[in-house]
Structures are given as structure tokens and as C-alpha cells.
Amino acid sequence: MRQVIMAMVAALVLSFPMSIEADESTSLHTWKELNHTSDQILQLVKREQFEEAKQLLDYFSVTFLDVDFQQEGITMTALRTVTGSFEGAVEAVTATNMSIDQRIYRVTAFRLAVDALSSEHHPLWLHTEKSVMQSLATMKETAKDGDNQAYQHRFNEFLRHYDMIRPALFISIEPQELQKIDSQVTFLERMRSESLDKDKVVSHIEVMEAEWTNLYNRVKEDSADPSLWWVMFTIGGMITMSLSYVGYKKYKAEKQKVRVKE
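Residues numbered from 1 in each chain as written. Predicted model: local features only at pLDDT ≥ 70, side-chain atom pairs only at ≥ 80, totals over all residues. Heavy atoms only, no water.

Help me get a handle on the overall build of the protein, residues and values and all.
Secondary structure summary: the protein contains 11 helices and zero strands in total. Listing every helix and strand of the protein by position from the N terminus yields α-α-α-α-α-α-α-α-α-α-α. Across the 262 residues that make up the protein, the buried fraction comes to 36%. Sequence-distant contacts in the protein: of pairs separated by 6 or more residues, those separated by 24 or more amount to 72%. Working note: accessible area of the protein is about 16,200 Å², and carbon and sulfur atoms make up 55% of it. (Helix = DSSP H or I, 4+ residues; strand = E, 2+ residues; numbered from the N terminus. Buried < 20%, exposed > 50% of the residue type's maximum accessible area, 1.4 Å probe, protein only. Contact = heavy atoms within 4.5 Å. Areas by Shrake-Rupley, 256 points an atom, 1.4 Å probe, with all protein chains shown as cover.)

So this is what it looks like as C-alpha cells:
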């Protein structure tokens with residue numbers, strides 16, 4: 001029976017279409033290379049090796065233009081977003097008077113956008129959850145204290161985080177979702193010129209905290225790897241068939257005992 005179960009699992013695995021392997025392999029290789037290149041660029045910028053980073057950006061540009069965007073299902077909006085973040089990265093490595101922190105933010109935005117475009121499951125920008133939520137929490141605390149100078153400083157810090165991940169969000173989430181987040185940020189920006197109304201600000205930041213928490217949780221759920229479900233189905237099916245076989249054998253044994261007694 002064990003051989004039968006393994007044969008059934010093998011048959012299920014082999015039933016998946018194999019004819020698309022070549023195209024998918026080429027596509028996956030290209031995206032993997034682009035992802036790896038964007039990561040190398042970021043690491044070079046962190047080490048302040050800007051000339052080498054510029055050379056890799058040139059290489060990225062050539063490789064990226066080889067992608068069949070229509071076949072890959074890449075929208076013009078996503079393409080413009082990556083192109084914009086690419087231009088920001090080029091400026092970051094060629095500017096003569098930009099701080100290293102600003103350079104890293106620009107190139108990180110590019111890195112996250114490339115990953116969001118190429119990763120179907122668990123995009124890298126999800127790893128910003130801790131820093132974004134901490135930034136919002138710190139903003140709220142300074143607002144509660146009524147310390148306007150500290151609040152403005154923390155708000156600027158949040159804006160840097162947001163500008164860094166916004167291109168990736170533009171690619172990953174629905175336009176109406178991003179528009180809601182944009183409007184919440186814009187509301188706080190409009191209030192900067194006014195005297196700090198701590199109750200109003202705290203209330204709004206709490207709304208933002210809930211929105212960001214829901215966003216991260218929803219994308220985590222939506223980006224779960226479907227192969228996990230296949231593994232669960234396969235293992236679950238094997239267990240079910242094994243238990244059914246054990247139950248059947250037990251039933252036959254019990255039935256045989258009854259016949260012996262009779």
C-alpha cells in the first residue's frame with residue numbers, strides 16, 4: 001500500500017504542465033539577476049563605492065531593457081515607477097553634494113521597487129514594518145508630550161521611510177489603497193504649519209497605525225507562497241490515505257476475529 005500511495009503522489013506531481021519550463025526558467029533567471037544586481041548596487045553605495053555602483057546601474061539598465069514587459073504582464077505604471085526609482089538611484093551615485101544617508105535611502109527605494117516588481121511572494125518592503133510602525137509610535141509619543149520640535153523631527157523621519165518604500169507600494173498594492181495612505185500623510189503635512197493640536201494629531205496617527213498594520217498583514221497573507229498549499233495538500237493527502245488504509249486493515253482484522261469466534 002505504501003508503494004501505491006507514493007505512486008499516487010508522484011502521479012500528481014508529474015501531472016503539472018512541463019511545457020512552460022524553458023520560458024519560465026529564462027524569465028526567473030533574468031529577474032533573479034536583476035534582483036541580485038540591485039542588491040549589489042545598494043551594498044556598494046553603503047560602502048561609498050559610487051563609481052562601481054554606477055557601472056552596475058548601467059549593466060542593470062541594459063538587462064532590464066531586455067525584459068519582454070508585455071509578456072511578463074508588467075503595466076506601464078509599474079514600469080514608470082521602477083524607471084523613476086532607477087533615475088533616483090543614478091542621481092544618488094553621481095551627485096556631488098548628497099549625504100550618504102540620502103544616497104542610501106534613494107538606492108534602497110530602487111532596490112525595494114525592483115524586488116516588488118519581480119517577487120510574487122513576500123516582497124522585501126514587508127521587512128520595513130518594524131521601522132515604520134516604530135516611527136509612527138515615536139511620532140505619537142512626541143505629539144502626546146506636546147513637544148512640537150521633537151514631533152517635527154520624528155515626522156521628517158517617517159517621511160523618509162515612506163518615500164523610500166512608496167515606489168514598492170505603488171507596484172504591490174491597489175491604487176485606492178495607496179491613495180488612502182497618501183491622503184493620510186498629506187493631512188499631517190498640512191497640519192505642520194499650524195500649532196500642534198496634540199489630540200487631533202494623536203487621533204490621526206492612531207488611524208494611520210491601524211491602516212499600516214492592516215496593510216502589512218493583508219500583503220503577508222496575499223503573498224503567501226502557493227507551493228505551501230501544494231505541500232500541505234500532498235502531505236495531508238498522504239496522511240489521509242495512510243489513515244484510511246490503517247483503518248481498513250483494522251476493520252478487516254476485527255471482521256476476521258468475529259468470523260473465527262463464530
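Can you tell me about the packing of aromatic side chains, naming the residues and giving the values?
Applying the stated rule across the entire model yields 10 aromatic pairs. Ring centres of Phe60 and Phe64 lie 5.6 Å apart, and the angle between their planes is 15°; on these two criteria the pair is classed as stacked. In this pair, Phe60 and Phe64 both sit in helix 3 (residues 50–65), four residues apart, roughly one turn of the helix. For the pair Phe60 and Phe64, one class covers both residues: buried. Ring geometry for Phe60 versus Phe86: centroids 6.0 Å apart, planes at 20°, classification stacked. (Phe/Tyr/Trp six-rings, centres within 6.5 Å; stacked < 30°, edge-to-face > 60°.)

Please give an account of the nonpolar core that cites residues and values.
The nonpolar side chains of a soluble globular protein tend to be buried, and buried together. Membership of the largest hydrophobic core comes to 62 residues, with the highest contact counts inside it found for Phe64, Trp125, Leu136, Phe158, Leu169, Leu188 and Trp212. Among the elements of the structure, helix 2 (21–46), helix 3, helix 5 (76–94), helix 6 (100–118), helix 7 (129–145), helix 8 (148–172), helix 9 (175–190) and helix 10 (198–222) are those that each provide at least two residues to this core. When neighbours within four sequence positions are excluded, Leu188 is seen to be in contact with Met139, Tyr151, Phe155, Val201, His204, Ile205 and Met208. (Core = buried A, V, L, I, M, F, W, Y, C linked by side-chain atoms within 4.5 Å.)

Can you explain unusual backbone geometry? Please cite residues and give values.
The backbone of Glu48 shows a phi angle near 65°, a positive value even though the residue is not glycine. Structurally, Glu48 is set in the loop between helix 2 and helix 3.

Could you give me a rundown of the side chain of Glu209, with the residues and numbers involved?
Relative to the elements of secondary structure, Glu209 occurs in helix 10. For Glu209, the contacting residues outside a window of four places in its chain are Met133, Leu136, Ala137 and Lys140.

Break down helix 10 for me, citing the residues and quoting the values.
Residues separated by three or four positions in an α-helix point in the same direction, a consequence of the helix having 3.6 residues per turn. Relative to the 36 Å expected for 25 residues at 1.5 Å per residue, helix 10 spans 36 Å between its end C-alpha atoms, a close match to the ideal helical length. The set of residues buried in helix 10 consists of Val201, Val202, His204, Ile205, Met208, Glu209, Glu211, Trp212, Leu215, Tyr216 and Val219. Those residues of helix 10 that are buried lie in contact with helix 7, helix 8 and helix 9. (Expected span 1.5 Å × (residues − 1).)

Account for the pattern of salt bridges, with residues named and values stated.
Evaluation of the coordinates by the stated rule reveals nine salt bridges. Asp58 is the partner of Lys54 in a salt bridge, and the nearest nitrogen-oxygen pair spans 2.9 Å. One end of the pair, Lys54, and the other, Asp58, are both in helix 3, four residues apart, so they sit about a helical turn from each other. Of the residues examined, Asp58 reaches a relative accessible area of 38% and is grouped as partly exposed. A salt bridge links Arg166 to Asp182; the nearest nitrogen and oxygen atoms lie 2.6 Å apart. (Salt bridge = Lys/Arg side-chain N within 4 Å of Asp/Glu carboxyl O.)

The quantities given are spatial measurements derived from coordinates; they are silent on function.
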